[in-house]
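Chains, contacts and geometry: an overview
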Amino acid sequence: MKVIGYSRVSTTKQELYRQRDKISKFCDEKHFFLNRIIEDFGKSGATNERSGYKQLLDLTNEDCDLLIISEISRLSRNDEVTETLHDIQSIILKGISVVLLDNKDKIYKASENLDFSELLILIFQLKGAAQERKDIKKKNQDGKMALFRRFPYIVVDSHIPYGYKKVWNNTIKRYVLEEYPEELNNVKKAFELILSGQTLYMTSKYFTDRNINFRNMPATVSYLSRMTRNDLYRGIRRRTSKYDDSIKPIVVEVRIKPAIPEVDFLKAREMIKNNNKYISRSIHRFNPLKGIFRCRCGKAMTVKDKKPQKGISKLTYRCSSVYPNSSSYACTFKTDEVGYDLTNTIMHHLFLQRYSEVKEFFNNNSEKKIKELREIINGLESKRISKEIEINNLKQRIIENQNKIIKLSSTDLDMDFIQTLNQYHKDLQQKLHTVESEIKSINSTVVQYQIQISQLKVALTRDNQIKPEISNEELSEIYHTFLEKVEYYPYNLMKGTYKIYYKSGQICYIIVNKVRNLHKAYALTDNSTIDLKTGNITFNYIPISHSSQSLTFPQLVTKTINIHDIFASCYVQTSAFTEISIDDNYRKEYLAKVQTQNK
């Protein structure tokens, strides 16, 4: 009788010789001819993706008469028992008998269907093998977790974090993590660049331009994003144990020496978040108002290219809503849009004309705001100190309660009393977790306020003038320094109002007329207000008297006029309105391109 054997071990540290000897000995006793043994070395029985296992499924009665498996656990430890049963049955129906050496007297005969009793035996054995795998894995994971809690720097798996290397520790006879300065300096440099205001893209470019890789990995934005989210660098090392999908994973945290101070780590994360929200990366569709310009529905206004004809680009600010009008998430104003170049030139000239005024107003309010934020931070710091004292007290009570439980467990006291102590212990642990979460929340809030103070200080130290030739990137930085939000309210295709919110609390309204022969924009002064729904503008002005003989003082007059009529009226020359210069070269350039394209 021609025989093929099968053996498997799950790790490369195990040996196959015991299983080989077991199969060979059985063949010698039965006087079978052992043709060969198919082996899977270092392969888990929880998966069927094994080269040796696949060879078994491809066997026919021309290859052998009998398949001998050292143990059923060597064949499979998969939770999906029915799949393994199907594979065994398919081998048998190919004309190959099967023997499992955990029950060597039982032969599953070739070309026969498994009967009910055989199915029950195999199901019982396969279930036992799967459970045994879980027990082994749990024991292994528990051992690693215990070491991890006791020795925070111990190496418990093959992954060595960037910035560290493994070294042998003779005291505990294990490998431990040790800082690797050459790599850790790159981590510190990345955080330094981000804290200086650089985006992840610019930080990535810094390393790429200098041909600095991270263990042969390029410093991509994605890689740096993952690295800056890794709590290991702020001194928190985690390990997750999960040996069964039906059981919630166990997470253990230990503290190590931080490579990046926690305050700087959290501040960098907040700055990355803000950069993603407010800083435009596009070259051809650069958005200097990213995160500031909002549609009336509340969604962001993004830069779109209308492409009126082939080869011609016409950018516009458009509501970012992508939902159809029938959707409840759609823009409620049927997708507002306004010219890109028009908006940018108005915002630019507004700051050119009013920067000194805005700066003075902003400075007066910013000093007060900084003082308020510092007072809030001091209050939060005081609260954090109280919480830390509470944590120390809770930890002490937990230790005392643990000792009490251990001491009482060895006595003949009522178990109900011990269970009460156990419940008290759980309550203390829960309260400790709650207070620790509160401290994390306080730390995050403090970082956010510190960033706000930094931004206000930067704004206070700026020059008092904006140069006309300033770049879009510099304008974007100024807008994000001073502006909270910008909204546009259209009344028709040619007329609308910009509502501009400053971080200082000031609000400015700019009315605009896009008609070619009357291309104008005016900022409303404190003497005027506008109804954004109707477009009615109410303002106070002093009529100009043309009579030289009048001895009466001019009277203040209140007037209401609609935006559709205001631009052609004489009232725009009164003190209620300040004209905003509009550089319409962008229009001329666009028309020239269209004419050239149509020739």
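Residues numbered from 1 in each chain as written. Predicted model: local features only at pLDDT ≥ 70, side-chain atom pairs only at ≥ 80, totals over all residues. Heavy atoms only, no water.

**Looking at the overall build of the chain**
Helix and strand counts for the chain come out as 14 helices and 21 strands. Considering only residue pairs separated by 6 or more positions, the chain has 61% of its internal contacts joining residues 24 or more positions apart. Surface summary for the chain: the accessible area is close to 34,800 Å², and the carbon and sulfur share equals 50%. (Helix = DSSP H or I, 4+ residues; strand = E, 2+ residues; numbered from the N terminus. Contact = heavy atoms within 4.5 Å. Areas by Shrake-Rupley, 256 points an atom, 1.4 Å probe, with all protein chains shown as cover.)

**Side note on the sheet that holds strand E12 (residues 315-319)**
Judged by pairing direction, the sheet is antiparallel, and its three strands sit side by side in the order E11-E12-E13 without closing on themselves. At either margin of the open sheet sits one strand with a lone partner, and together these are strand E11 (301-305) and strand E13 (337-339). Neighbour to neighbour, the strand axes of the sheet diverge by 30 degrees on average, direction disregarded. The pairing of E12 with E13 spans three bridges and is antiparallel. Looking at E13, one finds that Arg318 is bridged to Glu337. (Pairing = 2+ DSSP bridges. Axes fitted to C-alpha atoms, helices over the stretch in contact; angles between N-to-C directions.)

**Description of the sheet that holds strand E1 (residues 2-9)**
Strands sit in the order E2-E1-E3-E4-E5 across an open sheet of five strands; the sheet is mixed. The outermost strands of the open sheet, each flanked by one partner alone, are strand E2 (33-41) and strand E5 (107-108). As paired elements, E1 and strand E3 (residues 66-69) share four bridges and run parallel to each other. Paired with Gly5 across the bridge in E3 is Ile68.

**Some words on the layout of surface pockets**
A water-sized probe, rolled over the atoms, reveals where empty space remains. The calculated volume of the second largest pocket comes to roughly 1,400 Å³. Every element with two or more residues in the lining of the second largest pocket is listed here: E12, E13, helix H10 (340-409), helix H12 (472-482), strand E14 (483-490) and helix H14 (585-598). A per-element tally of the lining of the second largest pocket places H10 first, with eight residues. The residue makeup of the lining of the second largest pocket, split by class, is 19 nonpolar, twelve polar and eleven charged. (1 Å grid on protein atoms, 1.4 Å probe; cavity = no way out; pocket = protein on both sides within 12 Å on 5 of 7 lines; lining within 4 Å. Points joined across faces, edges and corners; volume = space filled by probe spheres on them. Nonpolar A, V, L, I, M, F, W, Y, C, P; charged D, E, K, R; others polar.)

**Some details on the pairing of strand E15 (residues 495-502)**
Burial within E15 is extensive, with eight of its eight residues counted as buried. Side chains of E15 alternate between two faces, with Lys495, Thr497, Lys499 and Tyr501 and Gly496, Tyr498, Ile500 and Tyr502 buried alike. In terms of strand pairing, E14 meets E15 through seven bridges, oriented antiparallel. Along E15, the bridge assignment pairs Glu487 with Lys499. Here E14 folds back onto E15 in antiparallel fashion, the turn holding four residues. One ladder, built from seven bridges, connects E15 with strand E16 (residues 507-513); its direction is antiparallel. If you follow Thr497 over to E16, its bridge partner there is Ile511. (Buried < 20%, exposed > 50% of the residue type's maximum accessible area, 1.4 Å probe, protein only.)

**Notes on the environment of Tyr522**
Locating Tyr522 in the fold gives a position in strand E17 (residues 520-524). Sequence separation between Tyr522 and Ile580 is 58 residues; the distance between their C-alpha atoms is 5.3 Å. Residues in contact with Tyr522, not counting those within four places in the same chain, are Tyr509, Ile510, Ile511, Phe567, Val572, Phe577, Thr578, Glu579 and Ile580.

**Quick notes on the nonpolar core**
In terms of nonpolar packing, the biggest core is built from 36 residues, with Phe293, Leu483, Tyr498, Ile500 and Ile510 touching the most fellow members. If you list the elements that add at least two residues to this core, you get E11, E12, H10, H12, E14, E15, E16 and E17. Here Ile500 is in contact with Met347, Leu350, Leu483, Lys485, Val486, Gln506, Ile507, Cys508 and Ile510, once residues within four sequence places are set aside. Listed in part, the 30 residues of the second largest apolar core include Leu200, Leu224, Ile256 and Ile272. (Core = buried A, V, L, I, M, F, W, Y, C linked by side-chain atoms within 4.5 Å.)

**Considering the packing of helix H6 (residues 181-195) against helix H7 (residues 200-209)**
A packed helix pair is summarised by two numbers, namely the angle formed by the two axes and the spacing between the axes. Running from amino to carboxyl end, H6 crosses H7 at an angle of 140 degrees, the nearest separation of the two axes being 9 Å. It follows that H6 is oblique to H7 by the angle criterion. Here the hand of the crossing between H6 and H7 comes out right-handed. Counting all contacts with H6, which are made through Asn186, Lys189, Ala190, Leu193 and Ile194, the residues of H7 involved are Leu200, Thr203, Tyr206 and Phe207. Looking at the contact of H6 with H7 residue by residue, the classes come out as six nonpolar, two polar and one charged. (Parallel < 35°, antiparallel > 145°, perpendicular 65-115°, else oblique. Left-handed = near helix turned anticlockwise from the far one by under 90°.)

**Side note on H7**
Residues of H7 that are buried: Leu200, Thr203, Ser204 and Phe207. Along H7, the residues classed as buried sweep out an arc of 100 degrees about the axis, all on the same side. Asn211 lies just past H7 and shows a positive phi near 55 degrees. (Arc of directions from axis to C-beta.)

**A word on the pattern of salt bridges**
Side chains bearing opposite charge may pair, as long as their charged atoms lie close to each other. Scanning the model with the defined rule gives 19 salt bridges in all. A salt bridge links Arg77 to Glu132; the shortest N-O distance between them is 3.1 Å. Linking Arg77 in the loop between helix H3 (72-75) and helix H4 (81-93) with Glu132 in helix H5 (residues 116-150), this pair joins segments that are 55 residues apart in sequence. Residue class for Glu132 comes out partly exposed when judged on its relative accessible area of 38%. (Salt bridge = Lys/Arg side-chain N within 4 Å of Asp/Glu carboxyl O.)

**Some details on the packing of aromatic side chains**
Under the counting rule described, the total for this entry stands at 20 aromatic pairs. Arranged with centres 6.1 Å apart and planes meeting at 40 degrees, the rings of Tyr522 and Phe567 form a pair that is tilted. You can see Tyr522 sitting in strand E17 and its partner Phe567 sitting in the loop between helix H13 (563-566) and strand E21 (577-579), a full 45 residues away along the chain. When sorted by exposure, Tyr522 lands in the same class as Phe567, which is buried. Aromatic side chains Phe539 and Tyr541 sit 5.9 Å apart centroid to centroid with 40 degrees between the ring planes, which places their arrangement in the tilted category. Within the aromatic cluster, the residues linked to one another by ring pairs are Tyr522, Phe539, Tyr541, Phe567, Tyr571 and Phe577. A cation over a ring is seen here: Lys166 above Tyr175, with NZ or CZ 4.6 Å from the ring centre. The residue whose ring lies beneath Lys485 is Tyr501, and the NZ or CZ to ring-centre distance is 4.8 Å. (Phe/Tyr/Trp six-rings, centres within 6.5 Å; stacked < 30°, edge-to-face > 60°. Lys NZ or Arg CZ within 6 Å of the ring centre and 35° of its normal.)

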